[in-house]
Amino acid sequence: MAQTTLLQGTLDLLILQSLSLGPLHGMGVSRRIEQVTKGAFRVKPGSLFPALHRMEQAGWLESSWGESETKRRAKYYQLTRAGRRQLKEETSEWSRISAAIGMALRNA
Amino acid sequence: MFDHEKQDHELDEELRAYVDLVAAEKVKQGMTPDAARRAALIETGGVEQVKEEVRDLRPGVLLQTLVQDARYAARTLRKAPVFTLAAVITLAVGIGASTAIFSMVNGVLLHRLPIGSGDRLVHMLAPSAQAPNEGYSMMEVADLNRDLKTMTGVAEYHSMAFQLYGHGDPLRVQTGVVSDRFFDMIGVKPLLGRTFLPGEEAVGAPPVVVLSYRFWMDQFHGDSSIIGASFTMNDKIHHVVGVLPPLPGYPNENDIWMPAGACPFRSAPMMLNNRAMRMVEAYAVLKPGVSMEAAQAELATVNARYRAAYPAVYPAQQRLRYAATSAREEMTARARPILLMLLATAAFLLLAAVANVANLSLSRQMRRARELALRVALGAASGRLYRQLMLESLLLALMGGAAGVLLAGSGIGLLRSVATRLTPRAGEIQMNVTVLAFTVGLCIVIALAIAAAPFAHVLSRRNIAVALRQGNVGMGTRGDLRMRSLLVVAQVAIAFVMLVGAGLLARSLVALERVDAGIDVSNVLTARLTLNFTKYNTRTSRRGFTDALLERLNTLPGVTSAALASSLPLNNGQPGNQQFQIDGVPSAPGARGPHSDVTAISPDYFRTVGIPVLRGRAFAKTDDDTTNLVAIVSRRLVATYWGARHPIGTRISADSGRHWATVIGVVGDVRQNRLDGDVTDEWYIPVQTSGANDLRAFLRTTGAMPPVVRALRGVVADVDNQQPVSSIETLEQIRGAQLAEPRLTTTLLSSFATLALILTATGLAGVIGYGVTQRLPEIAVRMALGADSRRVIALVMRDGLAIVVGGLAVGFGVSFVAARLISKLLFQVGTTDTATYVVVVAVILGTAIGACLVPSRRAVRTDPAGVFRTA
């Protein structure tokens, strides 16, 4: 599957969405995104972890340490209340934009 | 948030967990654990890189890298101690000089006056056809205070000496006598107690005084219980009601202040009620927002009104008018040209210093050229590189700045004493926040300047290629050599201008020191005896005092002759302007008639002070007959107004013929006022027949001064134990005082110029040496082909001389302009004085040759084969 470069905002949206059902660790987020986009987006750790840390600093995610499937200490991320609000906002924003672009392309 | 170690550790763990999970996945897909792990790592793309990416996003990362870069810069500086020391010392000299001079400029010229009314204080003048300021009468001041709408008020002021009793020895106190509204009007709040209240200036009001800060500290050591103390002055008891804060000694350096009514002189009914009795000065404060022009216009209007109302008081031919001049301007006008000259000098010195350090810095960067070129070639962000260079320069500049501030701070006392002779505002020179802010700003600009050259050098692509090819030999390109040579050309020009300035001032100083004041200053002690007016208000009483004093003084051991006079030679004041007429010599119509200064003297004056009697005789004790007045005149006065006529026996009159004095002698000329001024025309009268009561005693001694001083005090106390003796100094000291200011200015400028020359010499040596290094192959070839050492030296010197000649040419042009700026300070020397220019050119050429010798000797000692082997 072709690797398309993701804009930072889009990556944020995907990460927030992937955490909407519950906490995940870094790899979990990556796999979930891969899953729900049916393999279209495979986020590399070089983009994923900076994004996760940035969003944690922004206050949208909070982290806690837990045990991974391989019995190792791993960092789990979950949405904060601000994060949920951000997810809702970005989702509606995205719908608006894609609708507009769709209209533009149809009428070109 | 700033616990970096912990965060790093956690990040590490987080990523390791990730790699682990990916590996586990791959194992499930069928890979072996080892292969899975390797594949996982490859897929992750390098754990370290990821960590780096995360770290870059952390807040405070900018600060962290800055701190890191700063520490790195400090480390590199520490590893090059010679460079760092040389750079810091050079900068310290330049910054120190600039800070010192700026503190003077700030305190004297820029800083607002330390009074409430600030720049709105004006000195009112009454210029006429005969004099630049006739002064005001008390009635005029009162009327002006009432009538002027552009001023908040007008107050009277005069300053005179009184005797103060009740605190140890009788003291001579310089007293400022003012209207009671004076301090409130100009906006001065007392440090202790109060100033004057309305009504205290009335004649007969209870006498009060306010002490000046300096007087309070000197005499009472800052004792705050001084309020309420009382002293006797002018036969009245005065109470101290307040102490003033430190203020500039303007209009005079007064010890104490009293309200106008307490001055018996001014408050005599004859003076007070006479509109034409111009006894006082007037000071006023402009209303906020009123311009000087508006005030001058109103003054003209009011003047016209008064002239119409009192025609007798304002005779038409006197042409008296009213004018106002800014007090701040009066306080600073004399200092301004000197301070600005010093500022320009310091700026030049700083430029020379910065040029040197820039050159040094450039050399140093050259040595690291390869390392930096590699970094740039490998993609190092140029922003980060520049930041590091800037931090290095900033560290150097700040260290130089700190050392410079310390230097300047330690010299504050010297700066103040230089300024005291030029302005009453010398006390306001301080190392305050403004000055420090200036220094910091200067350091930043300097850092930029120092970093600019190496930075431009490092980043140019040609230089990167060259550096990568040549490695650390540091040979650079011809472009470098040109840039450095230009820096040195600038330094030579700067040194030239400063040396010319110093040379001109030095020649002026020598000329000044050779000036003949007309007196013999060696071994003469002087002292001031200001007689109490009320006590010695008759000629007889004064005569009694002077006769008794002179008799006793002449018997003192170690005193060969003693005299009294009404003024001091070299007194730095203005000559008097007594008009007179010569019997039988009609004054030419239209021309200004004869006029001269008048000095009252005792018989032995000329002998004591060393003025030759050229014709006739000096005064004798018997010349005390007021019906048979006698006079002695000075040589030039005779030459100017008597022409070919023999002066002895002629008569002169100062009051239009009512009283005549016969000329009995002619004496040599003196400079009664300033060494650099004109000879003073003098008319001497016997002190016995004069009204002078502010006298100077002169004692010509054979030996040491201190016992004579003690003896003098003793003798005066014998004659009148209430008579203060003040201003004890020798004629040599008085003459030296006039030389002090030019000596200081010359020393300062010469020191700066010498420093600039040293900087230039080292800069020149550096550049020539650098050129030699660059041309080593060429020199080696020449030597191999048989060139002897003389030719090699000539080759090197030629480059050096080219730079110097270029610098001299620029310097010539600049110095013609610059010399005009100091023309006011020159004495008997023109701004284009050939001798000075010739000497300066010789000095610079000599220094340049010396500076070029070292690198040229090195060139000669080159081993031709060795050069090619290592290249």
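Every chain's residues receive numbers from 1 upward, in the order its sequence appears when written. Following the order in which they are written, the chains are lettered starting with A and the ligands numbered starting with 1. Reporting in this predicted model follows two pLDDT cut-offs: at least 70 for local features of residues, and 80 or more for side-chain atom pairs to be given and counted; totals over whole chains, interfaces and linings ignore these cut-offs and use all residues.

Caption draft 1: Molecular detail of the overall build of chain B. Secondary structure is summarised from DSSP: a helix means a run of H or I of at least four residues, a strand means a run of E of at least two, and numbering begins at the N terminus for each. Each helix and strand counted, chain B has 27 helices and 22 strands in total. Radius of gyration here uses only the C-alpha atoms, and the compact-globule reference equals 2.2 Å multiplied by the residue count raised to the power 0.38. For 871 residues, the compact-globule estimate of 2.2 N^0.38 gives 29 Å, and chain B exceeds it by more than 25% at 38 Å. Considered along the principal axes of its C-alpha atoms, chain B spans approximately 135 × 75 × 60 Å. Labels follow a simple rule on C-beta atoms placed from the backbone: if 20 or more others lie within 10 Å of a residue's own, it is buried; if 12 or fewer, it is exposed; otherwise it is partly exposed. The burial tally for chain B puts 41% of its 871 residues in the buried class. Our contact criterion uses C-beta atoms placed from the backbone: two residues qualify when those atoms are within 7 Å. Of all intrachain contacts in chain B linking residues separated by at least 6 positions in sequence, the fraction that spans at least 24 positions is 81%.

Caption draft 2: Examining the overall build of chain A more closely. Helix and strand counts for chain A come out as four helices and three strands. With respect to the three principal axes, the spread of C-alpha positions in chain A is 55 × 35 × 20 Å. For chain A, the proportion of its 108 residues judged to be buried stands at 30%. Pairs at least 24 residues apart make up 47% of the contacts formed inside chain A by residues separated by at least 6 positions.

Caption draft 3: The interface of chain B and chain A, seen in detail. Of the residues lining the interface, 16 residues belong to chain B; the matching set on chain A comes to 18 residues. Of all elements in the fold, only helix H1 (4-28) and helix H3 (47-56) of chain B reach the threshold of two or more residues within the side of chain B that touches chain A. With eight residues, the single largest contributor to the side of chain B that touches chain A is H1 of chain B.

Caption draft 4: Representation of the packing of helix H19 (residues 539-554) of chain B against helix H22 (residues 705-719) of chain B within the structure. All names here are of chain B. Think of each axis as a best-fit line through the C-alpha atoms, taken over the contacting stretch in the case of a helix, with angles from 0 to 180 degrees between the N-to-C directions. The contact between H19 and H22 brings their axes to 10 Å, and the two run at 145°. Judged by the sense of rotation from one axis to the other, the crossing of H19 with H22 is right-handed. Together, Phe545, Ala548, Leu549, Arg552 and Leu553 of H19 and Val715, Val716, Asp718 and Val719 of H22 make up the contact between the two elements. Working rule for handedness: look at the near helix, and if it is turned counterclockwise from the far one by less than a right angle, call the crossing left-handed; if clockwise, right-handed.

Caption draft 5: The sheet that holds strand S2 (residues 61-67) of chain A, seen in detail. All names here are of chain A. The criterion for strand pairing is that DSSP finds at least two bridges linking the strands in question. Read across the open sheet, the three strands follow the order S1-S3-S2; overall the sheet is antiparallel. Sheet topology places strand S1 (24-25) and S2 at the edges, where each strand pairs with a single neighbour. Here two bridges tie S1 to strand S3 (residues 73-79), and the two strands are oriented antiparallel to one another. Its bridge partner being in S3, His25 is matched across the sheet by Tyr76.

Caption draft 6: Quick look at the nonpolar core. All names here are of chain B. The nonpolar core is taken to be a set of buried Ala, Val, Leu, Ile, Met, Phe, Trp, Tyr and Cys residues joined by way of C-beta atoms within 7 Å. Ranked by size, the top nonpolar core spans 103 residues in total, and within it Leu91, Val492, Ala495, Phe496, Met498 and Ala756 carry the most contacts. Looking at which element gives the most residues to this core, the answer is helix H12 (residues 335-367), with 17 residues. With residues near it in sequence (within four places) discarded, Phe496 still touches Gly807, Leu808, Gly811, Ser815, Val840 and Ile844.

Caption draft 7: Quick look at the environment of Ala704 of chain B. Residues and elements named next belong to chain B. Tracing the chain through its elements places Ala704 in the loop between strand S21 (694-701) and H22. The exposure class of Ala704 is exposed, given the 10 C-beta atoms found within 10 Å. Put simply, Ala704 and Asn523 are 181 residues apart on the chain and 8.6 Å apart in space, counted from C-alpha to C-alpha.

Caption draft 8: Broad picture of the environment of Ser64 of chain A. All names here are of chain A. With respect to the helices and strands, the residue Ser64 is situated in strand S2. For Ser64, a count of 9 C-beta atoms within 10 Å translates into the label exposed. Spatially, the C-alpha atoms of Ser64 and Pro45 are 19 Å apart, while their sequence positions differ by 19 residues.

Caption draft 9: View of the packing of helix H25 (residues 789-821) of chain B against helix H26 (residues 834-860) of chain B. All names here are of chain B. Where H25 meets H26, the closest approach of the two axes is 9 Å, and the angle between their N-to-C directions is 145°. You can see that H25 and H26 cross each other, and the crossing is right-handed. For the pair H25 and H26, the contacting residues are Ser789, Val792, Ile793, Val796, Met797, Gly800, Leu801, Val804 and Leu808 in the first and Val841, Ile844, Leu845, Ala848, Cys852, Pro855, Ser856, Ala859 and Val860 in the second. Side-chain classes follow a simple rule in which Ala, Val, Leu, Ile, Met, Phe, Trp, Tyr, Cys and Pro form the nonpolar group, Asp, Glu, Lys and Arg form the charged group, and the remainder, Gly included, forms the polar group. Residues belonging to the contact of H25 with H26 are distributed by class as follows: 15 nonpolar, three polar and no charged.

Caption draft 10: Representation of the confidence of the model for chain B in the model. All names here are of chain B. The quantity known as pLDDT measures the predictor's confidence residue by residue, on a range of 0 to 100. Counting all residues, the mean pLDDT for chain B is 86, and 94% of those residues have values of 70 or more. At the level of individual helices and strands, chain B shows its lowest average pLDDT in helix H17 (residues 461-470), which scores 62, and its highest in strand S8 (residues 256-259), which scores 95. Across the interfaces of the predicted complex, the ipTM metric reaches 0.86, alongside a pTM of 0.72.

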